[in-house]
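Single-letter residue listing:
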Amino acid sequence: MRTRHSKHLVRALSVAAAAAMVLAPATASYAAPTGVHAADSSTPPSDKSDAKTLRIATSGFVDSFNPFTSIYLLPTNTLRYTYEFLVQNSQEDGSPTKGLADKWETSDGGKVWTFTLQDGLKWSDGEPITSDDVAFTYQSMIDDPALGVANGGLVANVDTIETPDEKTVVLNMKAPQAPNPGVEIPIVPKHVWEKIDSPAEHPNDKDVVGSGPFLLESYKANQFITLKANKDFWRGAPKIDRIQYIYYTNSDAQVQALRSGDVDMVTGLTATQFDALKDVEGIETHSGQGRRYAAISINVGLKTRDGQAYGNGNPALQDAAVRQAIRLGTDTDTLLDKVLGGYGVPATSFVPASYPKWTLPAEDEVIMDFDPEAAKKKLDEAGWVAGADGIRAKDGKPLSLRLFVDSTSITEQSQAEYFVPWMKEIGIDVKVEATDTDTITAETTKGNYDMYFSGWSQGADPDYQLGINTCMNLPTGTDGSGGTSQDGWCDPEFDKLYEEQHTELDQDKREKIVREMLRMNYEATPQIATWYANSLEAYRSDRFEGFSLQPKNEGIIANQSGYWGYLTVAPVSDEAAAAADGPNVGLIVTGVVIGVLVIGGIVFVMMRRRNSADVE
C-alpha cells in the first residue's frame, strides 16, 4: 500500500505536469490547462486500502444538491442516486419501470394517473415513505415557481393531487398526458423539507435524508463529493460502501490519476486520452452510446418571461439569417472527425440519436449541409457587406462576435481552433474568450455572451427538453434567475406544439409533432447541435468489476438516466486492494509522463509557431 505522502507527491507532480503544459498554447491537439485542484488535505480522498470506495475523477460544476433547483450534470446525477423517482427509467432502454411506485394506471383518456406505492418503503432515517411525500413534492413545485426551476415543466399539467391512502397517489391532469408524470422527479421526505424556511435556497449538502442507493455524506466545493451506500435501499444494498468524486480541473491530470491508481474511474475522456488508455494493464476502457448532445449555443437576444431584455449579446444574432449563416459555415462532420476522433455521430437537433424514435433524421428536408458559399449569400442578403479585411459590417458595425471557451476543456479549445477560421472565411470575426467553467456559467446565465459551447444530457422521453425551449420556462429575473431555458429561445407556435405532443396519447402522432418541433428549432437556429458523442470512460479493472450499462446493450456507465451504473459494481477482491501496496508504479509512470510532456511541450511550442503562421 502506498503511503499518503506518496499520493500527495503524485498530485504534486501532476500539478507540475499541468504547469509545464501551461507554457504551451492551445491547438487542435493540445490545450493549456489551468492547474489541478487536489482534494482537501483535511478530508483527504480515500486510501487505496479502502477496497469498497469507488473514487471517480471529476471537474463537474455543482450549482447545489437541491432536487428542486439543481440542473447541472454532476449534482443531478448525484440526486438520481439520493432520491428515488416515483417511476424509474429502466436499465434496458430507459422505459418506465418500478420506482417508489409498484404499479400505475391511467383512466379518463389519460387525464387521471393513479400510482400505487410499494409496501414497506422507508427513508434513510427510518421514517416510512408514503403518498404524502409524493404529494408534498409535486405540490411544492406547483405552488412555488422557485421550486420548479429543475422540473417544474414536468408538473405543469397537474391540476390536483389526491392521496386516498398512504400507498395511493392520484394525479388529476388538466389535459390528457402522454409522458408518464412519475419519471424524473426526485421525491423528497416531507418531514424534512416542510421544516426548511427557504427550500429553494437550501443547498442540501449535509444531513441528507434520501431513498436511493447512495446518500450524500459530505461535500466541499471544487474538492470532493462523498456518497455513502444506503444499506436499506429497496433493490438491495450496493456492493460498495462509498462513491467519492475527487476534483481535478485538468482532464490530463485525471487520466494520470487513473494510471497511478489515485482514482478508479475517469469519464468524459477525449479520443486521444481514450486511445492512449487502451491496452494499459489494469485499466478497462469503454465507449458507449451517449444520451447527450453537444452544441454551440447562440445568444438570440435574451428576454425574461414577461419580455424584459437582459444581457449584452450582440444584436446581430437576433437575426435568424445570421445564425443560419453560422450554421452553414460550420463543418460539424469535420469537428466530429478531428476533435472527437469519430467517437459519436453527427447531431441534427437537441434530441440524441440514442433515442431513435424521437431524433430528427439526418435526411430531413430542413437539414443544412456545410456550405460556406451559401453562408456568404445569406449574409449578403441580410445586408452584411464584406470590408477590405474580409470582415463584414452593417450600419458601420463590424460583425464581430465573442465565443466563450472553457480553458480546462481540450475539446472546446480544439473546436474553437476550427470554428474561428471557418467564421473568418464567411466574413465573421470571432474572438475567443477562454476562461474557467464557473465564469462561463455565471456570465451565460446573466446573458453576457454571444456564443458558447453547450450540451445537455437527456432522459428517454423528450418532454423535458422540449419544455425548456418554451416561453413559459424563460427566466423571470433579468439576472437569468427563475427559469430553466435551453438557449433562451421561444416561439408561441412551438409552445402550441409542445402542448399538443404533451397530451397526444397516440405515439405515432406524438412522434410527428415532436419532429415538427425539432424542425422549427433547427431553422430558428438558437444553437448548432454538433454531435452526439459516445461516452468515453475508463476504470481500474484490477480494483472494480460489475458496472452496469444503460441502455443495457451498448450503453454507458456514468451519467445515466438511472442509477444502474454503480448499483452493481463490486471490488474485484480484497487481494486486489492489497496488491496496491508495493512499488509506486503510478509515481514512476507519472514521472515518465511529465518528462514526455515537458519535452513534448517544447517541441509543440515550436510546431505551434509554424501552425499559427499557416492559419494566420
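Up top you'll find the structure we're talking about.
Residues numbered from 1 in each chain as written. Predicted model: local features only at pLDDT ≥ 70, side-chain atom pairs only at ≥ 80, totals over all residues. Heavy atoms only, no water.

Enquirer: Which residues make up the pattern of salt bridges, and what values do they have?
Expert: Under the criterion given, the structure shown has 20 salt bridges. Residues R543 and D264 are paired through a salt bridge, measuring 2.7 Å at the closest nitrogen-oxygen approach. Here D264 lies in the loop between α5 (251–260) and β11 (265–266) and R543 lies in the loop between β22 (535–540) and β23 (544–545), a separation of 279 residues in the sequence. Take D264: its relative accessible area is 1%, and that puts it in the buried class. The partner of E516 in a salt bridge is R519, with the nearest N and O atoms 3.2 Å apart. Taken as a pair, E516 and R519 lie in helix α14 (residues 507–524) at a separation of three residues, close to a single helical turn. The class of E516 is partly exposed, set by a relative accessible area of 35%. The network of salt bridges with common partners includes R55, D264 and R543. (Salt bridge = Lys/Arg side-chain N within 4 Å of Asp/Glu carboxyl O. Helix = DSSP H or I, 4+ residues; strand = E, 2+ residues; numbered from the N terminus. Buried < 20%, exposed > 50% of the residue type's maximum accessible area, 1.4 Å probe, protein only.)

Enquirer: Go over a negative patch on the surface, please, and point to the residues and values.
Expert: A cluster of acidic residues, D333, D337, D369 and D371, forms a negative patch at the surface. Mapped onto the fold, D333 is located in helix α8 (residues 332–339). (Patch = residues over 30% accessible without salt bridge, like charges linked within 9 Å, V, L, I, M, F, W, Y side chains within 5 Å. Areas by Shrake-Rupley, 256 points an atom, 1.4 Å probe, with all protein chains shown as cover. Lys, Arg positive; Asp, Glu negative; His and termini not counted. Charge placed at Lys NZ, Arg CZ, Asp CG, Glu CD.)

Enquirer: Run through the state of the cysteines, naming residues and quoting values.
Expert: On inspection of all chains with the given rule, the structure shows one disulfide. Here C471 pairs with C490 through a disulfide, and the sulfurs are 2.4 Å apart. When the S-S torsion is 90°, as for the bridge of C471 with C490, the disulfide is right-handed. Note that C471 is positioned in the loop between α12 (463–467) and α13 (492–503) and C490 in the loop between α12 and α13, a separation of 19 residues in sequence. On the basis of relative accessibility, which here comes to 28%, the residue C490 falls in the partly exposed class. (Disulfide = S-S within 2.5 Å.)

Enquirer: Mind laying out unusual backbone geometry, listing which residues take part and the relevant values?
Expert: Across the junction of Q550 and P551, the peptide omega takes the value -5°, indicating a cis bond. Residue placement: P551 occurs in the loop between β23 and β24 (570–571). Unusually for a residue other than glycine, D108 sits at a positive phi of about 50°. The exposure class of D108 is exposed, given its relative accessible area of 55%. Of note in this structure, E554 is not a glycine but carries a positive phi near 65°. Checked against the element boundaries, E554 lands in the loop between β23 and β24.

Enquirer: Give me the lowdown on helix α10 (residues 410–426), citing residues and values where you can.
Expert: Taking 1.5 Å per residue, 17 residues should reach 24 Å; α10 reaches 25 Å between its end C-alpha atoms and fits that length. Within the span of α10, buried status applies to I410, E412, Q413, S414, Q415, A416, F419, W422, M423 and I426. Backbone geometry just after α10 places G427 at a positive phi near 100°. (Expected span 1.5 Å × (residues − 1).)

Enquirer: Quick one: what's the story with the sheet that holds strand β17 (residues 397–398), residue by residue and with numbers?
Expert: On the basis of which strands lie adjacent, the open sheet formed by three strands has the order β15-β16-β17 and antiparallel pairing. Each having just a single partner strand, β15 (385–386) and β17 make up the two edges of the open sheet. By the bridge criterion, two bridges tie β15 to strand β16 (residues 392–394) in an arrangement that is antiparallel. For A386, the partnering residue across the bridge sits in β16 and is R392. (Pairing = 2+ DSSP bridges.)

Enquirer: I'd like to hear about the packing of α8 against α10, residue by residue, with values.
Expert: At a closest axis distance of 10 Å, the pairing of α8 and α10 adopts a crossing angle of 145°. Between α8 and α10 lies a crossing whose hand is right-handed. Between α8 and α10, the contacting residues are T334, L335, K338 and V339 on the first element and T411, S414, Q415, Y418 and W422 on the second. Considering only residue class, the contact of α8 with α10 consists of four nonpolar, four polar and one charged. (Axes fitted to C-alpha atoms, helices over the stretch in contact; angles between N-to-C directions. Left-handed = near helix turned anticlockwise from the far one by under 90°. Contact = heavy atoms within 4.5 Å. Nonpolar A, V, L, I, M, F, W, Y, C, P; charged D, E, K, R; others polar.)

Enquirer: Help me get a handle on helix α7 (residues 320–328), residues and values and all.
Expert: When you tally the buried positions in α7, you get eight out of nine residues, the bulk of the element. Of the residues flanking the start of α7, the one acting as N-cap is D319, its side-chain oxygen 2.9 Å from the backbone nitrogen of A321. (Polar contact = N/O pair within 3.5 Å; in protein donor to acceptor, adjacent residues only side chain to side chain.)

Enquirer: Could you give an account of the pairing of strand β6 (residues 158–165), with specific residues and numbers?
Expert: Looking along a regular strand, one sees the side chains alternate between the two faces of the sheet. Taken together, the five bridges between β6 and strand β7 (residues 168–173) define a ladder with antiparallel strand orientation. Bridge pairing in β7 links V158 to M173. Where β6 hands over to β7, the hairpin turn is made up of two residues, counted between the paired strands.

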